[in-house]
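Next come the chains, spelled out residue by residue.
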Amino acid sequence: MVRTLIGAGKVPPVGEREPNARNAPDIRHEARGAGLGRGTAPSVALVERRRLQITFLVTAVLVLVSAVMAIASPSSAIGHYSALQRSILRWSVFGLATGLGLYAFEKELHLRRLLRMLVDERVLTGALSTQLTELSTLVAVAKATNAALELEDVLDLILTSALDRLGAHDGCVRLVEAGGALVPVCTRGEVVSDDSSIEDVAASCEPLLVALGPDRRGRLHAPLVHRGELVGTVSVAAPAGRAFGEYDLRTLSLFAEHGASAVAHARLYAAERAHVEELAELAFYDPLTHLANRALFVDRVEHALHRAERHRSPAAVLFLDLDNFKTVNDSLGHGAGDRLLVSVAERLRTSVRTSDTPSRLGGDEFAVLLEDVDEEKHVMIAAERIIEGLREPFTLGGREVFVTASIGVAVSSEGGQVDELLRNADAAMYSAKRQGKARCELFRPAMHAAAVELLEVHADLQRALDRNELFLEYQPTVELSTLRVVGLEALARWRHPERGVLLPKHFIGVAEETGLVSRLGRWVLEEACVKAQGWQQALGGAPLNVSVNLSARQLEDGDVVNDVAAVLATSGLAPGSLTLEITESVLMRDADAAVQRLADLRELGVRLAIDDFGTGYSSLSYLRRFPVHALKLDKIFVDTVGCDAGDEPALARAIVQLATTLGLECIAEGVERAEQVDVLRDMGCALAQGYYFAQPLDEAAAARLLSAGFVVMAAAS
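Report follows, based on the coordinates. (Residues numbered from 1 in each chain as written. Predicted model: local features only at pLDDT ≥ 70, side-chain atom pairs only at ≥ 80, totals over all residues. Heavy atoms only, no water.)

Before going further, it helps to examine the overall build of the protein chain. From N to C terminus, the protein chain includes 25 helices and 21 strands. Expressed as a percentage of the 717 residues in the protein chain, the buried residues total 42%. Considering only contacts within the protein chain whose residues lie at least 6 apart along the sequence, 66% involve residues at least 24 apart. Accessible area for the protein chain stands at about 36,500 Å²; split by element, carbon and sulfur atoms hold 54% of it. (Helix = DSSP H or I, 4+ residues; strand = E, 2+ residues; numbered from the N terminus. Buried < 20%, exposed > 50% of the residue type's maximum accessible area, 1.4 Å probe, protein only. Contact = heavy atoms within 4.5 Å. Areas by Shrake-Rupley, 256 points an atom, 1.4 Å probe, with all protein chains shown as cover.)

Okay, unusual backbone geometry next. At aspartate 372, a residue that is not glycine, the phi angle is positive and equals roughly 55°. Note that aspartate 372 resides in the loop between strand S8 (365–370) and helix H11 (376–389). Backbone geometry at leucine 483 places phi at a positive 55°, although glycine is not the residue there. Relative accessible area serves as the criterion here: at 15%, leucine 483 is assigned to the buried category.

So, on to the sheet that holds strand S7 (residues 357–362). In space, the five strands of this open sheet follow the order S7-S8-S6-S11-S12, with mixed pairing throughout. Looking at which strands have only one partner, the edges of the open sheet turn out to be S7 and strand S12 (440–442). Between one strand axis and the next, the sheet turns through 20° on average, direction left out of account. Lying on the sheet, helix H12 (residues 418–434) is in contact with strand S6 (316–322), S8, strand S11 (405–411) and S12; it crosses S11 at an angle near 145°. (Pairing = 2+ DSSP bridges. Axes fitted to C-alpha atoms, helices over the stretch in contact; angles between N-to-C directions.)

So, about helix H19 (residues 591–603). Across its 13 residues, H19 extends 18 Å between first and last C-alpha, which sits within 8% of the 18 Å expected from 1.5 Å per residue. Inspection of H19 places Ala591, Ala594, Val595, Arg597, Leu598 and Leu601 among the buried residues, and these make up the whole buried set. Just downstream of H19 lies glycine 605, where phi reads positive at about 105°. (Expected span 1.5 Å × (residues − 1).)

With that out of the way, let us pick up the sheet that holds strand S1 (residues 170–176). One open sheet holds the five strands; their spatial order is S2-S1-S5-S4-S3, and the pairing between them is antiparallel. The open sheet has two edge strands, strand S2 (182–188) and strand S3 (208–210), and neither has a second partner. Neighbour-to-neighbour, the strand axes of this sheet turn through a mean angle of 20°, independent of strand direction. Relative to strand S5 (residues 229–237), S1 is paired through six bridges, and the arrangement is antiparallel.

Our focus in this paragraph is the packing of aromatic side chains. Inspection of every chain in the model, using the stated rule, returns three aromatic pairs. Measuring from ring centre to ring centre gives 5.0 Å for tyrosine 474 and tryptophan 535, while their planes differ by 75°; the resulting arrangement is edge-to-face. Of this pair, tyrosine 474 sits in strand S13 (residues 470–479) while tryptophan 535 sits in helix H15 (residues 517–538); the two residues are 61 residues apart in sequence, bridging distant segments of the chain. With a relative accessible area of 11%, tryptophan 535 lands in the buried category. Ring geometry for tyrosine 692 versus phenylalanine 693: centroids 5.2 Å apart, planes at 80°, classification edge-to-face. Exposure remark for tyrosine 692: the relative accessible area of 18% places this residue in the buried category. Lying across the ring of phenylalanine 394, arginine 347 places its NZ or CZ 3.7 Å from the centre. If you follow arginine 495 out to its NZ or CZ, it ends over the ring of phenylalanine 471, 4.1 Å from the centre. (Phe/Tyr/Trp six-rings, centres within 6.5 Å; stacked < 30°, edge-to-face > 60°. Lys NZ or Arg CZ within 6 Å of the ring centre and 35° of its normal.)

Within the element layout of this structure, valine 234 appears in strand S5. Valine 234 gets classed as buried once you look at its relative accessible area, which sits at 6%. In this structure valine 234 touches Leu159, Cys172, Val173, Leu220, His221, Ala222, Leu224, Leu252 and Ala256, once residues within four positions along its chain are discounted.

Among the nonpolar cores identified, the biggest contains 84 residues, and Leu578, Leu580, Phe626 and Leu680 are the most heavily contacted of them. The greatest single-element share of this core, amounting to eight residues, is contributed by H15. If sequence neighbours within four positions are ignored, leucine 578 has contacts with Leu525, Cys529, Asn545, Val546, Val548, Val564, Leu568, Leu573, Val606 and Arg607. Formed by 31 residues, the second largest nonpolar core is a distinct cluster that contains Leu340, Val403, Val409 and Cys440. (Core = buried A, V, L, I, M, F, W, Y, C linked by side-chain atoms within 4.5 Å.)

Attention now goes to the environment of glutamine 554. Its place among the elements puts glutamine 554 in helix H16 (residues 552–556). The spacing of glutamine 554 and glycine 515 is 39 residues in sequence and 9.8 Å in space, taken between C-alpha atoms. Excluding anything up to four places from it in sequence, glutamine 554 contacts Val517, Ser518, Gly521, Arg522, Asn549 and Val560. Within the local environment of glutamine 554, its side chain forms a polar contact with the backbone nitrogen of serine 551, the two atoms lying 3.1 Å apart. (Polar contact = N/O pair within 3.5 Å; in protein donor to acceptor, adjacent residues only side chain to side chain.)

Extensive coverage of S8 is indicated by the burial of five of its six residues. The pairing of S6 with S8 spans six bridges and is antiparallel. Within the sheet, the bridge partner assigned to valine 317 lies in S8 and is leucine 369. Pairing geometry for S7 and S8, over five bridges, is antiparallel. Each bridged residue has a counterpart across the sheet, and for arginine 360 the counterpart in S8 is phenylalanine 366. A loop of two residues connects S7 with S8, the two strands running antiparallel in sequence, and glycine 363 in this loop sits at a positive phi of about 60°.

With that out of the way, let us pick up the pattern of salt bridges. Applying the stated criterion across every chain yields a total of 26 salt bridges. Between glutamate 489 and lysine 632 there is a salt bridge, with its nearest N and O atoms 3.1 Å apart. In this pair, glutamate 489 sits in strand S14 (residues 484–496) while lysine 632 sits in strand S19 (residues 630–633), placing the two residues 143 residues apart along the sequence. Residue classification places lysine 632 among the buried positions, given a relative accessible area of 0%. Connected through salt bridges with shared partners, the residues Glu489, Glu581, Lys632 and Glu669 form a single ionic network. (Salt bridge = Lys/Arg side-chain N within 4 Å of Asp/Glu carboxyl O.)

We now examine the pairing of strand S17 (residues 578–583). In terms of burial, S17 is a largely internal element, five of the six residues being buried. The sheet contact formed by strand S16 (residues 545–549) and S17 spans four bridges and is parallel. By the bridge assignment, valine 546 is partnered in S17 with leucine 578. The pairing of S17 with strand S18 (residues 607–613) spans five bridges and is classified as parallel. The partner of leucine 580 across the bridge, within S18, is leucine 608.

Attention now goes to the environment of valine 485. If you trace the backbone, valine 485 turns up in strand S14. In this structure the C-alpha to C-alpha distance between valine 485 and glutamine 689, which are 204 residues apart in sequence, comes to 9.8 Å.

Moving on, we get to the packing of helix H5 (residues 151–166) against helix H7 (residues 246–284). Direction vectors running N to C along H5 and H7 enclose 175°, while the axes themselves pass 10 Å from each other. Taken together, H5 and H7 sit at an angle that is classed as roughly antiparallel. Contacts from Leu151, Val154, Leu155, Ile158, Ser161, Ala162, Arg165 and Leu166 of H5 reach H7 at Asp248, Thr251, Leu252, Phe255, His258, Gly259, Ala262, Val263 and Ala266. Grouping the constituent residues of the contact of H5 with H7 by class yields 11 nonpolar, four polar and two charged. (Parallel < 35°, antiparallel > 145°, perpendicular 65-115°, else oblique. Nonpolar A, V, L, I, M, F, W, Y, C, P; charged D, E, K, R; others polar.)

Taking 1.5 Å as the rise per residue, helix H10 (residues 334–351) with 18 residues should run 26 Å; its terminal C-alpha atoms sit 25 Å apart, in good agreement. Listed as buried for H10 are Ala336, Gly337, Leu340, Leu341, Val344, Ala345, Leu348 and Ser351. Residues of H10 that are buried sit in contact with S6, helix H9 (325–332), S7, S8, H11 and strand S9 (394–396).

Dropping the structure here:
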């Protein structure tokens, strides 16, 4: 700043001053030499007065000398002096006049030098005063620039200050916009329009002085340049009839430098602010849905609980999990899944109050914070409103997709903690899942115990898979016409170290909820295929089919076809010797995706069966599309067969006839009485399972049964 001012003004640095530019000690020395007193401050008026005094003195002395010389003249009639006396008198007067002349000459030289110094000092002081005024103005501009004011305000201050210094009234600041055009952003008086000159300044990035324009007004144009890049221009017009000079152009250039700095500062500040906002967005908001993320949501819940303590007004948390979202992801792709999450977030925003906080916790899990809730029923109404808002179909890639949600609700209690409230809402949400999904559940203390049990079972099941605590039992499938075993259904069992042998109903649900079912299902598939292949070899290649249940998560997994193919290749079992059973309800979660997945599995050569048929809600149109080989008649229909009441098992007969019509095998489940065998055989049902034939057998018992000729007559007794 200072270097620019000195270089642009008329005040050279101390080491480069002109010879006549004296300092204060020089002036005092000349003042003493001129006969001015020590205590008197030298000034131009005092010097002139001193010169006048010397002039009067010299004049008086000259008059005196003239008089003396007249007296000393030989022709003078005044006095009687000898020739010697007259000579002495003349030489004395001459010496006195000479000395006085030299004295006057010396003083005149001192006075002249002193006068020149004082004049130079006055000029110097005036220049410094001007520069200091400009400096104070530029300092004010710099302070405004650094005060993070709005850019327009800073530019207005710069333009106003420049106009004041230049004695002008009309000026304009233009900035370069994104397209490269110069756009006026700050104007004082009339807009200074001189397009050709402004374009020249923008092209050369050099200031331009226009002496007199067409309107007989001088103009100044200076570029705003930051790091070699043009960011704008500033233009000033002089009053009518007045021209600017080079010094004025340098002055405007100084203000232009500050204008460029202000623009750069503003842009840097805007970029930093945008960066800070972006970091805040990333830190506290979900980048996909722009809802509050987990960190911000937990912080809001904490503040809400503190507020609830002060105002005795409870807060509530809703945990929301989309039902079967993985099906959408696997069938339509992750892009469609992301669009679905964004659409769900939008509906969530419109379903809650502006004072509520919707949040995405991750994946397909959302949460909502409700503050100032009066009664629990109002919270449940809010939850139902969210469920209702999700009932309308979502359009993804030109197709309609229906999505439901399970919601858990927890209301804060006095002295409650954030973790406790969130844990309770999560437990209620899982309870809603277990009770059929697409519903909301209010937290009850018993849910916490169930959640703890779920956690414990999950940990135990994880260890069971690692410690080989799981084993298989086999349920024979019998041909009713011969009572010979034609296949075995593999059933998982868990030998729990504390609770004994557990059936699937005690741990399959946990495996489904925690994601362990895929690993468990893969283990069952591998174990069953290896055993079936071993038994076939032991029996000399006799045909034997093994059935394995596929869970919903396995069917939805995009790698299930590759997994089955890999297991068949590893075990050596022929694909036709493996039957995969899928429940009707699992198939109908996403029927279109299921049709394609079943077709891929059938291409491997494996057999497919619909388990628990009749208990779901499949339509005949979908049943015809499913590429399956068999239907398994659920036990609830088999129980009506051969009843003492004599009621005709109409539904069972209808399902058997439907399977026959579609060219599918029908396998009756849960046969327990001899009369059921006869009636089912008469209906046309070819295969059956149940305790009438055999209970699930361990590996050794199954091997003995097969080696005995596949006949189960002894089990019937």
